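Survey of secondary and tertiary structure
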Amino acid sequence: MNKQSNTYTVIYIFVMVVVVGAALALTSLALKPRQQQNIDADKMKQILAAALIEPQKGQIVDTYNDCVTSTFVVNAEGERIDGVDAFTVNVAEQSKLSADSRELPVFEVRTADGATKYILPVYGAGLWGPIWGYVAFNADGATIYGAYFAHQGETPGLGAEIEKPAFSSQFEGKTVFKDGRFKPIAVVKTGQKPLDGEDYVDGISGGTITSKGVGSMLDNCLSPYKAFLKSLNNSNN
Amino acid sequence: MAEKIKNRDAFFNPFSKNNPVVVQVLGICSVLAVTAKLEPAIVMGISVIAVLAFANVIISLLRNTIPTNIRIIVQLVVVAGLVVIVDQLLKAFAYDASKQLSVFIGLIITNCILMGRLEAFAMGNKPWPSFLDGVGNGIGYTIILVIVGFFRELLGSGTLLGYQVFPQSFYDAGYVNNGLMILPPMALIVVACIIWVQRSVNKDLQED
């Protein structure tokens, strides 16, 4: 058969695409469960990182199961929603809904010294792509115990610094209730202060848009938890 | 092919005399991107060896059936397929490394070394020599990646494969990690130094 003919070329391409496609589909199917395990373990690691727990290599799932005492989903009124698994709630999608129709996951963690912390997921936009994180609250529902932030592709050395402890550790001890009013932490330029007396952290020099992204992410994702945090606050006073 | 290339040469030449990075200056962008730490450099090197060796064998097996006017497309499809498989394998078995490498595994497809070897070697040689050529070139690429990664991680972070190398007493005495080594320009400068050393050793590579 003439190898340069159009018929040969078309058939050749067709067969090749089918073979390659089948091979890829097969690989993807075969490896899916393992990949999902890795993704879940990574998420658990991030949740634990917010509560300042660093699991040892290969023991992420065990540590998570030990530390996380319960997970539940609340609505904007602070009432629990039944039948939804907090771990599988897609925070990225939820953060785009209006505040009162969101499903809000809460991870309850017991730290080594027996204290209870509540970890809330946040999700927003940086300069180049999504940023996300987890914020751990003390049992009083007002002060932040720890925070963890991550990003997909912020500028290395600038916006990407939000994932470093140097940035996230600033959040420790900050409070979201000031004079009885709910104000999620502001991220401001180094040396400045928010006008309304809100608790604040220093943003990253040169990473202004990412820093602002963190600020609005906290506003957008923590505000719906107001009722929940308030109920924690009241039950502890 | 007019001249018959010996298997030995196909395998060993790319290590130094015909190294894809420092002599042919191919695949430079991935050298910039993945060598800030040693571990991703090694994983990237192994991935390129695997993709290059298998792509070379597959293309070499098909070489007499490929219609010439679509040969580049065929090569690309084979390479892309293999790269996706490697990416999936890494996500399943080396998740942390795959997170660090992120898009760069996908960009192996555009690594000029691959297209170069497929077009220049695999299209005209039998599978076994093609396999050796692929592994050889992959190792040649990996050697450079590892050397660059070694210096950048050692001087930039004071660690190797994540283990602290310089003791704390160095830092107490005023030693500071060189932050410039982490940034991409230093990868080019280290590559340039390797080229310099290599040309001074191999006089026949020097150009007038």
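Here is what the cut-offs are and how they apply
- Residues numbered from 1 in each chain as written.
- Chains lettered and ligands numbered in written order.
- Predicted model: local features only at pLDDT ≥ 70, side-chain atom pairs only at ≥ 80, totals over all residues.
- Helix = DSSP H or I, 4+ residues; strand = E, 2+ residues; numbered from the N terminus.
- Rg over C-alpha atoms; globule rule 2.2 N^0.38 Å.
- Buried ≥ 20, exposed ≤ 12 C-beta atoms within 10 Å, placed from the backbone.
- Contact = placed C-beta atoms within 7 Å.
- Pairing = 2+ DSSP bridges.
- Axes fitted to C-alpha atoms, helices over the stretch in contact; angles between N-to-C directions.
- Nonpolar A, V, L, I, M, F, W, Y, C, P; charged D, E, K, R; others polar.
- Core = buried A, V, L, I, M, F, W, Y, C linked by C-beta atoms within 7 Å.

If you tally the helices and strands in chain B, you get 10 helices and two strands. Its C-alpha radius of gyration of 19 Å places chain B within 12% of the 17 Å reference for a compact globule of 208 residues. A principal-axis box enclosing the C-alpha atoms of chain B has dimensions of 65 × 45 × 25 Å. The buried share of chain B, taken over its 208 residues, is 39%. Pairs at least 24 apart in sequence give 78% of the contacts found in chain B among residues at least 6 apart.

In this structure, Leu52 of chain A takes a positive phi of about 60° despite not being glycine. For Leu52 of chain A, the position within the fold is in the loop between helix H1 (6–50) and helix H2 (60–67).

Moving on, we get to the sheet that holds strand S5 (residues 130–137) of chain A. Residue and element names in this part refer to chain A. Pairing within the open sheet is antiparallel, and its six strands lie in the order S2-S1-S3-S4-S5-S6. Bordering the open sheet on either side are strand S2 (80–81) and strand S6 (144–151), each of which pairs with just one other strand. Taken together, the eight bridges between strand S4 (residues 116–125) and S5 define a ladder with antiparallel strand orientation. Within the sheet, the bridge partner assigned to Ala125 lies in S5 and is Pro130. Those strands touched by H1 are strand S3 (104–110), S4, S5 and S6, and its axis lies near 140° from that of S6.

With 14 residues of chain B in contact, the opposing surface of chain A contributes 17 residues. Sorting elements by how many residues they give to the side of chain B that touches chain A places helix H4 (residues 71–93) of chain B first, with nine residues. Residue composition of the side of chain B that touches chain A, by class: nine nonpolar, four polar and one charged.

Attention shifts here to the environment of Ile195 of chain B. Within the secondary structure, Ile195 of chain B is located in helix H10 (residues 184–201). When the C-alpha positions of Ile195 of chain B and Ile144 of chain B are compared, they lie 10.0 Å apart, and in sequence the two are 51 residues distant.

Nonpolar side chains in soluble globular proteins tend to end up buried together. In this structure, Ala50, Ile119, Leu120, Val135 and Ala136 of chain A are the most contacted members of the largest nonpolar core, which totals 51 residues. For this core, the element with the most residues is S5 of chain A, which contributes six residues. If we ignore the near neighbours within four places in the chain, the residues touching Leu120 of chain A are Val106, Val135, Phe137, Leu222 and Tyr225 of chain A. Within the second largest apolar cluster, 46 residues are counted, among which are Val48, Ile108, Ile144 and Leu145 of chain B.

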